[in-house]
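# Residue-level structural notes
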Amino acid sequence: MVPKYYIFISLIICIFPNISYASDFSVNNMTSTWVGYSCVLIFIIAYAVVMMEEKISLRKSKPVLVSAGLIWALIGYSYHQMGLSESAKAALEHNLLEYAELLMFLLVAMTYINAMEERRLFDYLKSWMINKGFKFTTLYWFTGILSFCISPIADNLTTALLMCAVVMKVGEGNKKFITLSCINIVIAANAGGAFSPFGDITTLMVWQTGKVEFAQFFDLFIPCIINYFLPALIIAIFIPKDAPKLESKNIRMKRGAKRIVFLFLSTIITAVYFHIGFDFPPVLGMMLGLSYLQLFGFYLRRTLPKFVAKETELARIRNDMDRLKSLGSVVPFDVFKRISNAEWDTLLFFYGVVMSVGGLSLLGYLGLVSNLAYTQWDPLWANVSVGIISSIVDNIPVMYAVLTMDPIMSHGHWLLVTLTAGVGGSLLSIGSAAGVALMGASEGKYTFISHLKWTPVIFLGYVASVIAHLWLNSALFAM
């Protein structure tokens, strides 16, 4: 994954409320068969290879693509032998449809982020921060707190990617600062997204099923603050105390940069409205939002000659040679080039994950795990374990499994599992969409191993947030 190719996976979030998995189509439990064991082994091996990406320099999409193909090949073979090919085909098509919506959604988001990068928005932010003389410590808290505050509205993934772009620009040349800031951003974005229905896919699913009402999510606000600030305070001790050693200079945004930001926000609103107002897949709103950018790109191209002529005349009057030189290299804005620059390794990685997990769900493994957790354990320990499991396996299928089983729990326990599924992904870099995306966006400076070194500190915040919820919202646990 490459920097600037910032995906938007989580508005997805608010965006795929009816996400369901192949378990809906399961007609035969195969968890105790050689096919089931083989599929689990394939998935484990694939994820092990993903974790070793920095050591073996193998793109993370490749092992999960192999995993998805082999798992569905085994499922196809076994279901064909049982005369159930149509059931397997229906499950496969269902998963492909879910991914197709995800793919188009992410492409639009990536295109907008790419457009903002091309219009030099992030270069401008970098210049502004450097000219302000912010030290690394200030920048660390600035990006972390912004991540926590923005993610409940814009979703954790988008927020993390935007803040990472700023960190990469400002912290250029200081690997330690970038690494620690990325960890801080992941924790902040996941914690901020856990107390809002629009902050994560899992919170959206809980809201859509009616387990927690919209306003009730804010009972998790203080636990989420603790989840972020406790590890952030410890990590801040190790942030370099000096300021970025970068040349201070004024960077101009290219024409239309601010309007593209406005169009991006309008696209988000459109996608959310399509879901809330019409109960349509949000991807329809995102594709409509892509048309906003395409039409604006057409306007930029058509008016470019007139703009260049006007700016050239002004630069000559002011004797601004730098401006004249920059105008000589102006090229038309090309929407389709921005689309082509999307991070395909990331998109293919999510294809592999969605299809692999969908296959395991069809075999009955998600249902098996949920049944074991809520019939043999106390709900408290089961819900706490959900967060730990979510740091290894994507929290969406884990939460979906819990909702599908629909265990009898108090309101406090439903809030607890919402909290743990949301913030548990911060324990490992692969535990959340934000972490996975930042591993690519940071150009190898934020990795699985670098995050793992701070897992004990992050775990302190996880435990503290759970205790805070149990104490502050104790009245909600009464049945």
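Our subject is the structure listed above.
Let us look at the structure shown here. (Residues numbered from 1 in each chain as written. Predicted model: local features only at pLDDT ≥ 70, side-chain atom pairs only at ≥ 80, totals over all residues. Heavy atoms only, no water.)

Right, let's get into the overall build of the protein. In terms of helices and strands, the protein carries 22 helices and zero strands. Counting contacts in the protein only where the partners sit at least 6 residues apart, residues at least 24 apart contribute 83% of the total. Entry remark: accessible area of the protein is about 20200 Å², with carbon and sulfur atoms responsible for 66%. (Helix = DSSP H or I, 4+ residues; strand = E, 2+ residues; numbered from the N terminus. Contact = heavy atoms within 4.5 Å. Areas by Shrake-Rupley, 256 points an atom, 1.4 Å probe, with all protein chains shown as cover.)

To continue, consider unusual backbone geometry. We note that Arg-120 has phi near 70 degrees; this positive angle belongs to a residue other than glycine. Of note, Arg-120 is situated in the loop between helix H4 (85–118) and helix H5 (121–132). Judged by relative accessible area, Arg-120 falls into the partly exposed class, the value being 32%. (Buried < 20%, exposed > 50% of the residue type's maximum accessible area, 1.4 Å probe, protein only.)

Let's shift gears to the side chain of His-413. By the secondary structure assignment, His-413 is in helix H19 (residues 411–423). Leaving out residues up to four positions away in the same chain, His-413 has contacts with Pro-379, Leu-380, Asn-383 and Phe-477.

Turning our attention to the packing of aromatic side chains. Inspection of every chain in the model, using the stated rule, returns 19 aromatic pairs. Centre to centre, the rings of Phe-195 and Phe-221 are 5.1 Å apart; their planes meet at 80 degrees, and the pair counts as edge-to-face. Linking Phe-195 in the loop between helix H8 (175–193) and helix H9 (201–208) with Phe-221 in helix H10 (residues 221–236), this pair joins segments that are 26 residues apart in sequence. Using a relative accessible area of 6% as the deciding quantity, one classes Phe-195 as buried. In this structure Phe-221 comes out as partly exposed when scored by relative accessible area, which is 34%. (Phe/Tyr/Trp six-rings, centres within 6.5 Å; stacked < 30°, edge-to-face > 60°.)

What follows deals with the side chain of Thr-267. Within the secondary structure, Thr-267 sits in helix H11 (residues 257–278). Here Thr-267 falls in the buried class, since its relative accessible area comes to 0%.

Take a nonpolar patch on the surface next. Nonpolar side chains collect at one region of the surface, where Phe-221, Ile-222, Trp-471 and Leu-472 lie side by side and expose about 440 Å² of accessible area between them. Elements represented by at least two residues in the nonpolar patch include exactly H10 and helix H22 (455–472). (Patch = residues over 30% accessible without salt bridge, like charges linked within 9 Å, V, L, I, M, F, W, Y side chains within 5 Å. Salt bridge = Lys/Arg side-chain N within 4 Å of Asp/Glu carboxyl O.)

With that settled, the discussion passes to the pattern of salt bridges. One pass over the full model with this rule turns up two salt bridges. Notably, a salt bridge pairs Glu-118 with Arg-119, separated by 2.6 Å at the nearest N-O pair. Using a relative accessible area of 14% as the deciding quantity, one classes Glu-118 as buried. The exposure class assigned to Arg-119 is buried, which follows from its relative accessible area of 5%. In this structure, the salt-bridge partner of Lys-254 is Glu-118, at a minimum N-O distance of 3.2 Å. Linking Lys-254 in the loop between H10 and H11 with Glu-118 in helix H4, this pair joins segments that are 136 residues apart in sequence. What makes Lys-254 partly exposed here is its relative accessible area of 33%. Here the residues in one salt-bridge network are Glu-118, Arg-119 and Lys-254, joined through shared partners.

Direction vectors running N to C along H8 and helix H20 (residues 433–441) enclose 155 degrees, while the axes themselves pass 9 Å from each other. Between H8 and H20, the crossing angle belongs to the class labelled roughly antiparallel. Considering how the two elements wind past one another, H8 and H20 form a crossing that is right-handed. Contacts from Cys-182, Ile-185, Val-186 and Asn-190 in H8 reach Ala-434, Gly-435 and Leu-438 in H20. Of the residues that constitute the contact of H8 with H20, the class distribution is five nonpolar, two polar and no charged. (Axes fitted to C-alpha atoms, helices over the stretch in contact; angles between N-to-C directions. Parallel < 35°, antiparallel > 145°, perpendicular 65-115°, else oblique. Left-handed = near helix turned anticlockwise from the far one by under 90°. Nonpolar A, V, L, I, M, F, W, Y, C, P; charged D, E, K, R; others polar.)

What follows covers the environment of Lys-175. Relative to the assigned elements, Lys-175 resides in helix H8. We classify Lys-175 as exposed; its relative accessible area is 52%. In the structure, Lys-175 is positioned 270 residues away from Lys-445 in sequence and 6.0 Å away in space, judged by C-alpha atoms. Setting aside residues up to four positions removed in sequence, Lys-175 forms contacts with Gly-444 and Lys-445.

A separate point is helix H3 (residues 61–81). Between its first and last C-alpha atoms H3 spans 30 Å; for 21 residues at 1.5 Å apiece the expected length is 30 Å, and the two agree. If you check which residues of H3 are buried, you get Ser-61, Pro-63, Val-64, Ser-67, Ala-68, Ile-71, Trp-72, Leu-74, Ile-75, Ser-78 and Tyr-79. Here the buried residues of H3 occupy an arc of 165 degrees about the axis, which is enough to place them on one side. Opposite the buried face of H3, at more than 90 degrees from it, the exposed residues are His-80 and Gln-81. One or two positions beyond H3, positive phi appears at Gly-83, with a value near 75 degrees. (Expected span 1.5 Å × (residues − 1). Arc of directions from axis to C-beta.)

This paragraph deals with the state of the cysteines. On inspection of all chains with the given rule, the structure shows zero disulfides. Free cysteine: Cys-164, not disulfide-bonded; nearest cysteine sulfur from Cys-182 at 3.9 Å. Residue Cys-164 is classed as buried on the basis of its relative accessible area, which comes to 0%. (Disulfide = S-S within 2.5 Å.)

Further remarks concern the environment of Tyr-462. With respect to the secondary-structure elements, Tyr-462 resides in helix H22. Judged by relative accessible area, Tyr-462 falls into the buried class, the value being 2%. A C-alpha to C-alpha distance of 7.8 Å links Tyr-462 and Thr-420, two positions 42 residues apart in sequence.

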